Amino acid sequence: MSDRPVPDAIERILLDDVDIATRVRELAAQISADYSTTDDLVLIGVLKGAFIFMADLTRHLTVPHRVDFIALSSYNRGADSRGAVRMIMDTRINVTGRDVLVVEDILDTGHTLDYLLRIFRARQPASLRSCVLLSKPDRRRVDVPVDYTGFTISDEWVVGYGLDYADRYRTLPYLAALKPEVYEKA
Ligand code: PRP
């Protein structure tokens, strides 16, 4: 466990570094088995949230692969979200004809992953799948396909391991629930 003090804004730790590492290794094993016959796998991490998950997941893959990133910005987050998503940085690898796996930290309403899958599908990859570390089914507004899910969680604001609140707490080495008063007063 980390020596870093737990911030006051944290209500409780949901998944510690060992829990996360165990599950990430399992996901990597499953993905490696499923892509054992291709040498043209491209994992696309969605910035910023997926950067830690992506780094850990890819280091446990046993199949050849490349990595790339896409950065998005979303409007109207929260309960009134209408799901508007804007791309602010595209991938550099041309995904046409390649096996693409989109890697996300969290699937919440589903708007972001839905947007990403539409974009990449239009570029005609050989195959297109998605991997999310966390899924919050209670928040879903768009029915979006997910091929690999790390953990299913309840509707709480989760930070750490890449996930933020107002761009803070991303680098905590665990996944934790934020105290409701922190985001309710905002
Ligand atoms: C978060 C997360 C997903 C998205 C999921 O990104 O990283 O990309 O929200 O939400 P949805 O399913 O409701 O669309 P955010 O906009 O917070 O940006 P960040 O990754 O840079 O933190």
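For every chain, the first residue of the written sequence is number 1, and numbering continues from 1 along that sequence. Per-residue local features of the predicted model are confined to residues with pLDDT of at least 70, and side-chain atom pairs are confined, for both listing and counting, to 80 or more; whole-chain, interface and lining totals are unaffected and use all residues. Here the side-chain values reflect all heavy atoms present in the structure, with hydrogen atoms and water set aside.

Student: It is not clear to me how the sheet that holds strand β8 (residues 158–159) should be interpreted in this structure. Could you clarify?
Tutor: A pair of strands is considered paired only if DSSP assigns at least 2 bridges between the two. Numbering goes from the N terminus for both helices and strands, where a helix is a DSSP run of H or I of at least four residues and a strand is a run of E of at least two. Pairing in this open sheet of three strands is antiparallel, and the strands run β1-β9-β8 from one edge to the other. The sheet is open, and its two edges are formed by β1 (10–15) and β8, each paired on a single side. Looking at chain direction, β8 and strand β9 (residues 175–178) are connected through two bridges and run antiparallel. Looking at β9, one finds that Val158 is bridged to Ala177.

Student: Could you clarify how one ought to interpret the site of the ligand in this entry?
Tutor: We define proximity as follows: a residue is near a molecule or strand when any one of its heavy atoms falls within 4 Å of that partner. Near the ligand there are 16 residues, and of these Glu104, Asp105, Thr109, Gly110 and Thr112 occur at the shortest range. In this structure, Glu104 approaches the ligand through a side-chain N or O atom, which is 2.7 Å from an oxygen atom. Polar contact criterion, stated in full: a pair of N or O atoms within 3.5 Å, where within protein one must be able to donate a hydrogen and the other to accept it, and residues adjacent in sequence count only if both atoms are side-chain atoms. Measuring from an oxygen atom of the ligand, one finds a backbone N or O atom of Gly110 at 2.8 Å. In these tables, accessible area is a Shrake-Rupley quantity obtained with a 1.4 Å probe, and a residue counts as shielded only by the protein chains included in the view. Protein chains shield 86% of the accessible area of the ligand, which is 490 Å² for the free molecule. If you list the elements that add at least two residues to the shell around the ligand, you get β5 (99–107) and α3 (111–122). In terms of residue count, β5 provides more of the shell around the ligand than any other element does, four residues in total. Each residue gets one label: Ala, Val, Leu, Ile, Met, Phe, Trp, Tyr, Cys and Pro are nonpolar, Asp, Glu, Lys and Arg are charged, and the others, such as Gly, are polar. A class-by-class count of the residues in the shell around the ligand yields three nonpolar, six polar and seven charged.

Student: Help me understand the environment of Tyr161, please; the structure alone is not making it clear to me.
Tutor: In this fold, Tyr161 is placed in the loop between β8 and β9. The rule is simple: take the accessible area with a 1.4 Å probe, protein chains only, and divide by the maximum for that residue type; under 20% is buried, over 50% is exposed, in between is partly exposed. Given the relative accessible area of 5%, Tyr161 is considered buried. In sequence terms Tyr161 and Leu27 are 134 residues apart; their C-alpha atoms lie 16 Å from each other. By definition, residues are in contact when any of their heavy atoms lie within 4.5 Å. With near-sequence residues (within four places) excluded, Tyr161 lies in contact with Ile20, Val24, Gly49, Ile52, Phe53, Asp56, Leu133, Arg170, Leu172, Tyr174 and Leu175. Looking at Tyr161, its side chain comes within polar contact range of the side chain of Asp56, at 2.6 Å.

Student: What should I look at first to understand the pattern of salt bridges in this one?
Tutor: Opposite charge on two side chains makes pairing possible when the charged atoms of those side chains draw close. The term salt bridge refers to a pairing of a side-chain nitrogen on Lys or Arg with a carboxyl oxygen on Asp or Glu at a separation within 4 Å. All chains considered together, the criterion is met by 14 salt bridges. Here Arg129 makes a salt bridge to Asp34, at a shortest N to O gap of 3.9 Å. In this pair, Arg129 sits in strand β6 (residues 127–135) while Asp34 sits in helix α1 (residues 17–34), placing the two residues 95 residues apart along the sequence. For Asp34, a relative accessible area of 40% gives the class partly exposed. The residue Lys48 makes a salt bridge to Asp167 at a minimum N-O spacing of 2.9 Å. Within this pair, whereas Lys48 is found in the loop between β2 (41–47) and α2 (51–60), its partner Asp167 is found in the loop between β8 and β9, the two being separated by 119 residues in sequence. Judged by its relative accessible area of 44%, Asp167 falls in the partly exposed class. If you follow the salt bridges from partner to partner, you end up with Lys48, Asp164, Asp167 and Arg170 in one network.

Read these as spatial facts, not as claims about activity.
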